[in-house]
Amino acid sequence: LDLVSFVANHSHIVALQIDQASSLAELRGAAQRIDELVTLLHGSGIRIERITRLVCELNTRLIARLWAVLAPEDVRQNSCLLVMGSEGRGEQILKTDQDNALLLSDGFECPDLADVATRFNAALAEFGYPPCPGGIMLTTPLWRQPLASFRDTLRGWLHGHEADGPMNLAIFFDAAAVAGDDSLLRAARDHLDLLLSGQDQYLARFAAPADQFSEAGSWWTRLTTRRDDTPLDLKKLGTFPIVHGVRALALQYGVREQGTATRLKLLQAAGHIDEGLSRDLLDALHFLMALRLSHQLRQRAEGTRPGNEVRASDLGALEREPLHDALAIVKRFRGFLRQHFRLDAL
């Protein structure tokens, strides 16, 4: 009870610090306290889904408050600020690459908007959110458009020949509004639903990356013997196939909720995925997220850059066996996706 009370009060203090911040320095301090809270929660054995829920709420408040500090009122009233990727799905814990965008009301113009975007992304970098190597940020014009132009961009991603089209669509599909006029996001998604009508072949191509990364059974050898110390990528082999496969099913059936857990629940309720597989996927996802967080916190404590690769020698016996089971569930899900989307016919 003392621990729960401490955590609740600590997170409440961070939220108050964010809400009352009037400068970048004050927000930077709050961002640092979020990282400290993650370490405290995980070290105390709090379930991973509870950690992600709390971190998502605090990150959303932090980003929204930063936008309120930096963006002029007319920009805030005529735009919708989006976070995407793991942040949009509410599954980010430690700070990863920025994925954000801005939808603008048609006809609205702001000569200083590029400067506002630059200061916004630079501030997030100072807070510990690394710039996106692919430029998926407000500073890139592609991700800072009026609604009408963005509708054309969505059409190009579906019907054009851009190599990055499916990836960009996947990133946008996870978008969550954190500030401004969220009707702009709803309108963009309405348009996307119209574009996807009857596009079964495109949906299959969209789902295909979930079956892209495989190790042909070698991962089990790596887990059962410490002599093979070739690293395993927890993201490529574990979380990504689950997240992207569920995202492809959500896109196909018009499920707009962002979180993988919520998407699975709605897909299972509608009869699009078996209850047992849905339960196993969620258990596997939570285990993989917790294992990845433990590994990354150890790396950070050692002064090395947190990554997704683990070695068998880094894992205890009670971690290797559940990891084997989780990867077996992922393999079963990939088989389901191959059959469902007829990926072998591509």
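This text goes with the structure placed above it.
My aim in this report is to walk through the structure given alongside it, one point at a time.

The subject of this paragraph is the pairing of strand 2 (residues 100-104). Counting buried residues in strand 2 gives five out of five residues, a clear majority hidden from the surface. Where burial is concerned, the two faces of strand 2 agree: the one with N100, L102 and L104 and the one with A101 and L103 are both buried. Pairing between strand 1 (residues 79-83) and strand 2: five bridges, direction antiparallel. Of the residues in strand 2, the one forming a bridge with L81 is L102. Across three bridges, the pairing between strand 2 and strand 3 (residues 144-146) is parallel. From the neighbouring strand, L104 faces strand 3, where its bridge partner is P146.

Another aspect to go through is the nonpolar core. The biggest cluster of nonpolar side chains holds 110 residues, and the ones touching the most others in it are W67 and F172. The dominant element in this core, judged by the number of residues it contributes, is helix 3 (residues 48-70), at 10 residues. Beyond its immediate sequence surroundings of up to four residues, W67 is in contact with V75, R76, S79, L81, L102, V116, F120, L138 and A179.

Examined against the element boundaries, H286 turns out to sit in helix 14 (residues 275-301). H286 gets classed as buried once you look at its relative accessible area, which sits at 17%.

Another aspect to go through is the packing of helix 8 (residues 165-173) against helix 9 (residues 183-196). Between helix 8 and helix 9, the shortest axis-to-axis distance is 12 Å and the interhelical angle comes to 135 degrees. The pairing of helix 8 with helix 9 is recorded here as oblique in orientation. Note on packing geometry: the crossing formed by helix 8 with helix 9 is left-handed. Across the interface between the two elements, L169, F172 and F173 from helix 8 touch L185, A188, R189 and L192 from helix 9.

Estimated volume of the second largest pocket: approximately 360 Å³. In terms of lining residues, the second largest pocket is bounded by 19 residues, among which T52, R89, G90, G259 and A261 are the most central. Looking at the lining of the second largest pocket, the elements that each hand over two or more residues are helix 3, helix 5 (85-89), helix 13 (260-269) and helix 14. The element contributing the most residues to the lining of the second largest pocket is helix 3, with five residues.

Another point: the sheet that holds strand 4 (residues 176-180). What holds strands together in a sheet is hydrogen bonding between their backbones, with the strands either parallel or antiparallel. The four strands are arranged 3-2-1-4 in an open sheet whose pairing can be described as mixed. Each having just a single partner strand, strand 3 and strand 4 make up the two edges of the open sheet. Mean inter-strand twist for the sheet, computed between neighbouring axes without regard to direction, equals 25 degrees. Its contacts with the sheet put helix 6 (residues 113-126) on strand 1, strand 2 and strand 3, and the angle it makes with strand 2 is roughly 155 degrees.

About the criteria used
Each chain has its residues counted from 1, following the order in which its sequence is written. Only residues with pLDDT of 70 or above have their local features reported here, since the model is predicted, and side-chain atom pairs are shown and tallied only from 80 upward, although totals for entire chains, interfaces and linings are computed over all residues. Water and hydrogen atoms were dropped before computing side-chain values, which therefore reflect all heavy atoms in the structure. Only protein chains enter the accessibility calculation, which uses a 1.4 Å probe; a residue is then buried when its area is under 20% of its type maximum, exposed when over 50%, and partly exposed in between. The secondary structure listing takes helices from DSSP runs of H or I that are at least 4 residues long and strands from runs of E that are at least 2 residues long, numbered from the N terminus. One requirement defines pairing of two strands: DSSP has to find at least two bridges between them. Side-chain atoms within 4.5 Å are what join buried Ala, Val, Leu, Ile, Met, Phe, Trp, Tyr and Cys residues into a set we call a nonpolar core. Here a residue-residue contact requires only that any non-hydrogen atoms of the pair lie within 4.5 Å. Helix axes use the C-alpha atoms of the stretch in contact, all axes being lines fitted to C-alpha atoms, and the angles between their N-to-C directions lie in the range 0 to 180 degrees. Oblique is the label for any angle not covered by the other classes, which are roughly parallel (under 35 degrees), roughly antiparallel (over 145) and roughly perpendicular (65 to 115). The sense of a crossing depends on the near helix, which, turned anticlockwise from the far helix by less than a right angle, makes the crossing left-handed and, turned clockwise, makes it right-handed. With a 1 Å grid laid over protein atoms only, a set of points is called a cavity when a 1.4 Å probe fits there but cannot get out and a pocket when it is open yet has protein on both sides within 12 Å along at least five of seven lines; lining residues have an atom within 4 Å of a point. Grid points are joined across faces, edges and corners, and a volume is the space filled by probe spheres set on the points.

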